[in-house]
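Listed below, chain by chain, are the residues.
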Amino acid sequence: MNIAAEWSKYYRLSGYRQSLLNGSWEINSINQGIDSLDWMLRDAVKGDYYGVSSGEFDQLKEKDPGSDYKITNARTYIQYEMNAIRDDIEEEEERRRREAANAD
């Protein structure tokens, strides 16, 4: 086993997991943009406007991006893979320590 290559896989997966977390933050940013657009339209017409209601804007938003099941499932799956890689590395390091101790 090439331990450096395994750690490389581990850190690559960690980056992917972080990207999924960033996806939740990006969704929150989009939701804030939708709220801002609603506010700007109301301000532009100085009150109620016609065409799209605040309720319709609200329906465009992701309701709970932090709990989006696809994002959550992907993060969980990646964490399982990271744990498995770490466990394999630790087992290999322990095996090598035992071999080195027995060789002495």
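What this report covers is the structure whose coordinates are included nearby. (Residues numbered from 1 in each chain as written. Predicted model: local features only at pLDDT ≥ 70, side-chain atom pairs only at ≥ 80, totals over all residues. Heavy atoms only, no water.)

1. Brief notes about helix H3 (residues 69–103)
Alright, step 1. Taking 1.5 Å of rise per residue, 35 residues should cover 51 Å, and H3 covers 51 Å from first to last C-alpha, within 8% of that figure.
Alright, step 2. Taken residue by residue, H3 has Ile71, Arg75, Ile78, Met82, Ile85, Ile89 and Glu92 as its buried positions. (Helix = DSSP H or I, 4+ residues; strand = E, 2+ residues; numbered from the N terminus. Expected span 1.5 Å × (residues − 1). Buried < 20%, exposed > 50% of the residue type's maximum accessible area, 1.4 Å probe, protein only.)

2. Comments concerning the nonpolar core
Alright, step 1. Membership of the largest hydrophobic core is limited to seven residues, which are Ile3, Tyr10, Leu13, Ile78, Met82, Ile85 and Ile89.
Alright, step 2. Breaking this core down by element, the ones donating at least two residues are helix H1 (3–45) and H3.
Alright, step 3. What tyrosine 10 contacts, discounting residues up to four positions off in sequence, is Met82, Ile85 and Arg86. (Core = buried A, V, L, I, M, F, W, Y, C linked by side-chain atoms within 4.5 Å. Contact = heavy atoms within 4.5 Å.)

3. A closer look at the environment of glutamate 99
Alright, step 1. Structurally, glutamate 99 is set in helix H3.
Alright, step 2. Since its relative accessible area comes to 46%, glutamate 99 is described here as partly exposed.
Alright, step 3. Within the structure, the side chain of glutamate 99 is placed 2.3 Å from the side chain of arginine 95, a separation counted as a polar contact. (Polar contact = N/O pair within 3.5 Å; in protein donor to acceptor, adjacent residues only side chain to side chain.)

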